[in-house]
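# Chains, contacts and geometry: an overview
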Amino acid sequence: MRKITTIITIIIILLSTMTVYTQSQAQEIQPVNISDNLYAVTDLGGGNIAFLVTDEGIIVVDATYLPSVARNLVSIIQKVSDKPIKYLILTHSHGDHINGIAGFPDDVTIIAHKNLTANNMTFTEARTANLAENVFPSYLASLKTQMDSTADKNSEEYQALEQSYNVNNEYFTGLKTIKFREPEITFDDNYELEFGGEKIILKYPGAGHTNDNIIVKFPRHNAIHTGDLIFNGAVPYVIVEHGANTHSWVKILDQLYSENYEYVIPGHGELANKEIFKVQAEYFTKLIHKVQILKNEGLSLEEIKNKIDIAEFNLTRSADQFPINIEVIYTELVN
Ligand SMILES: [Zn+2]
């Protein structure tokens, strides 16, 4: 499988490490068989996907970041089973988990937390519009200017610029095809889906990553899709406006660790087991502790940001989020 991972500069949706595939490369992606009829797709870019094949149809968790990517996902799924996709569960309102909705069959029943529609309107659609109307046009124009001013059109530099231009232009085109559809089923705290001989338990554990983050439990498989309550190997996105709260987040992780899952499908990063709940909780508790100590010593927020070294946390991806994490924790300590 070939991945375009180098020399591409793409302005990301939410994650700063995104792999971009051509359609034919995406078609080669193999789902991971987690347990019996439960699968995960982890390498489409954006958030991780789970799907469960039953005699009555297929249940999918999360929608990817573009309709075209979701269409690739659907064809990957239908290679495993040609049963119809009946349910689409959305873990939360971030674009890399919901912007692919329009790539699913029109008659799929969408399930999500009751806050998701409002959050999409307030945050995700506004962000997408800004990308489509401002960020991408100016970024593409700057790439074009750089290409035009590169004399040697056969140079590596030019080719890298051209590749970056093409990838970003493709994403820019895709942005205009994003179309939200309101979930048919919403819930407040808990929802149980009984379908095709399976029971799936959906739960809103309180605000951690967002105020609409749900977890999706597959009891027969001892498995869980956590949405973005887990960023495996990356600095988590902690956005206060979206309801994020690190203290509540840690409590949720402690509870999930005690539930002894064998298989954990994180919102981002590699598939894991229950130890990942400990790892993610320890990241926050260690960072909270460090910020607290430095704040007690009288350091300003900026001084604290300079003092805490990300290298202590063994996380390399989405490092740009690290100072933001510190700022959120600092502010939470003040409040
Ligand atoms: Zn998210």
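Anything mentioned here points back to the structure above.
This section reports on the structure supplied with the text. Treat the numbers as computed from the prediction; the structure is a model and nothing was measured.

What follows is about the coordination of the zinc ion. The protein atoms that coordinate the zinc ion are H92 (NE2), H94 (ND1), H209 (NE2) and D228 (OD), at distances of 2.1 to 2.2 Å. Around the zinc ion sit 4 donor atoms; with metal-centred angles ranging over 89 to 164°, the donor geometry is irregular. Look at where the donors of the zinc ion fall in the sequence and you get H-x1-H-x114-H-x18-D. Taken as a pair, H92 in the loop between β5 (85-89) and α3 (95-98) and H209 in the loop between β9 (198-203) and β10 (215-218) lie far apart in primary sequence, 117 residues in all. Judged by its relative accessible area of 0%, H92 falls in the buried class. Judged by relative accessible area, H209 falls into the buried class, the value being 1%.

The contact between helix α4 (residues 116-148) and helix α5 (residues 156-175) brings their axes to 10 Å, and the two run at 160°. Put simply, α4 runs roughly antiparallel to α5. For the pair α4 and α5, the crossing hand works out as left-handed. Along the contact surface, α4 presents T128, L131, A132, F136, P137, Y139, L140, L143, K144, Q146 and M147, while α5 presents Y158, L161, E162, S164, Y165, N168, N169, Y171, F172 and L175. Class assignment for the residues of the contact of α4 with α5 results in 14 nonpolar, 5 polar and 2 charged.

The next point concerns the nonpolar core. If you look at the biggest cluster of nonpolar residues, it comprises 43 residues, and the most contacted ones within it are V60, L88, L90 and F104. Those elements giving two or more residues to this core turn out to be β2 (38-41), β3 (49-54), β4 (57-61), α2 (67-80), β5, β6 (109-113), α4 and α5. At 8 residues, the largest contribution of residues to this core is made by α4. When neighbours within four sequence positions are excluded, L90 is seen to be in contact with D62, A63, H97, I98, I101, I110, I111, A112, L116 and I214. With 40 residues, the next largest nonpolar core counts V235, V291, I304 and V328 among its residues.

For the rest of this paragraph, the subject is the pairing of strand β1 (residues 32-35). With 3 bridges joining them, β1 and β2 adopt antiparallel strand pairing. Looking at the pairing, S35 lines up with L38 of β2. Taken together, β1 and the strand that follows it, β2, pair antiparallel across an intervening segment of 2 residues, in which D36 is found at a positive phi of about 55°.

Right, let's get into the pairing of β2. Of the two faces of β2, the one lined by L38 and A40 and the one lined by Y39 and V41 are each fully buried. Across 4 bridges, β2 lies against β3 in antiparallel orientation. Note that in β3 the partner of V41 across the bridge is I49.

Okay, the packing of helix α6 (residues 246-258) against helix α7 (residues 275-296) next. Pairs of packed helices are described in terms of their axes, by the angle between the two and the distance that separates them. In contact at an axis separation of 9 Å, α6 and α7 are set at 155° when each is read in the N-to-C sense. Here α6 lies roughly antiparallel to α7, going by the angle between them. Two packed elements cross with a definite hand, and for α6 against α7 that hand is left-handed. Contacts from T246, H247, W249, V250, L253, D254, L256 and Y257 in α6 reach E275, F277, K278, Q280, A281, F284, T285 and I288 in α7.

Applying the stated criterion across every chain, the model contains 11 aromatic pairs. Taking 5.2 Å as the distance between ring centres and 70° as the angle between the ring planes, the aromatic pair formed by F136 and Y171 counts as edge-to-face. Within this pair, whereas F136 is found in helix α4, its partner Y171 is found in helix α5, the two being separated by 35 residues in sequence. Classification of F136 by relative accessible area gives buried; the value is 0%.

Time to look at the pattern of salt bridges. All told, the structure shown has 9 salt bridges when counted by the stated rule. Notably, a salt bridge pairs D188 with K114, separated by 3.9 Å at the nearest N-O pair. Pair noted here: D188 is in the loop between β7 (185-187) and β8 (190-195) and K114 is in the loop between β6 and α4, with a separation of 74 residues, a long-range link. Residue K114 is classed as partly exposed on the basis of its relative accessible area of 44%. One salt bridge in this structure joins K199 and E192, with 3.7 Å as the shortest N-O distance.

With respect to the secondary-structure elements, N130 resides in helix α4. You can call N130 partly exposed: its relative accessible area is 35%.

As a further point, take the sheet that holds strand β11 (residues 223-225). Read from one edge of the open sheet, 5 strands run β8-β9-β10-β11-β12, paired in mixed fashion. Looking at strand neighbours, the two that pair on one side only are β8 and β12 (263-265), the edges of this open sheet. Looking at each pair of strands side by side, their axes are set apart by 20° on average, direction ignored. Relative to β11, β10 is paired through 3 bridges, and the arrangement is antiparallel. Its bridge partner being in β11, V216 is matched across the sheet by H225.

Cut-offs used in this document
- Residues numbered from 1 in each chain as written.
- Predicted model: local features only at pLDDT ≥ 70, side-chain atom pairs only at ≥ 80, totals over all residues.
- Heavy atoms only, no water.
- Donors = N, O, S within 2.8 Å, 3.2 Å for Na, K, Ca; no water.
- Tetrahedral: all angles 85-135°; square planar, octahedral: opposite > 155°, others 65-115°.
- Helix = DSSP H or I, 4+ residues; strand = E, 2+ residues; numbered from the N terminus.
- Buried < 20%, exposed > 50% of the residue type's maximum accessible area, 1.4 Å probe, protein only.
- Axes fitted to C-alpha atoms, helices over the stretch in contact; angles between N-to-C directions.
- Parallel < 35°, antiparallel > 145°, perpendicular 65-115°, else oblique.
- Left-handed = near helix turned anticlockwise from the far one by under 90°.
- Contact = heavy atoms within 4.5 Å.
- Nonpolar A, V, L, I, M, F, W, Y, C, P; charged D, E, K, R; others polar.
- Core = buried A, V, L, I, M, F, W, Y, C linked by side-chain atoms within 4.5 Å.
- Pairing = 2+ DSSP bridges.
- Phe/Tyr/Trp six-rings, centres within 6.5 Å; stacked < 30°, edge-to-face > 60°.
- Salt bridge = Lys/Arg side-chain N within 4 Å of Asp/Glu carboxyl O.

These figures capture arrangement, not role.
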